[in-house]
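The primary structure of each chain is shown beneath.
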Amino acid sequence: MPTYVYKAKSGGCPYCTNTFEKRQSMEEQPLDKCPECGAEVERVIVAPFVRTGRTDKSTLADSNLKKHGFTK
């Protein structure tokens, strides 16, 4: 099931003022109200997390960073 990010359109409570995540099936309708306070919310488009198969250790290795033009 995908995780969707929502935020309050205006006002709202501490739960929805910034953003909050909700796991929903693709068949479910998007939320239109905050589950905590009932304020109007909208779905926020965010970049997905994609696992590349590389470990964090190899991604941050000096040789890999240098190859891509970065330094520590």
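The model shown is predicted, which means the values in this text are computed figures rather than measured ones. (Residues numbered from 1 in each chain as written. Predicted model: local features only at pLDDT ≥ 70, side-chain atom pairs only at ≥ 80, totals over all residues. Heavy atoms only, no water.)

Considering the packing of aromatic side chains
Inference 1: Inspection of the entire model under this criterion finds 2 aromatic pairs.
Inference 2: For the ring pair Tyr6 and Phe20, a centre distance of 5.7 Å and an interplane angle of 25° mean the geometry is stacked. Of this pair, Tyr6 sits in strand β1 (residues 3–8) while Phe20 sits in strand β2 (residues 20–23), and the two are 14 residues apart along the sequence.
Inference 3: Under the relative-accessibility criterion, Tyr6 is labelled buried at 0%.
Inference 4: Taking the relative accessible area as the measure of exposure, Phe20 reaches 5% and is therefore buried.
Inference 5: Three or more aromatic residues joined by ring pairs make a cluster, and in this case those are Tyr6, Tyr15 and Phe20. (Phe/Tyr/Trp six-rings, centres within 6.5 Å; stacked < 30°, edge-to-face > 60°. Helix = DSSP H or I, 4+ residues; strand = E, 2+ residues; numbered from the N terminus. Buried < 20%, exposed > 50% of the residue type's maximum accessible area, 1.4 Å probe, protein only.)

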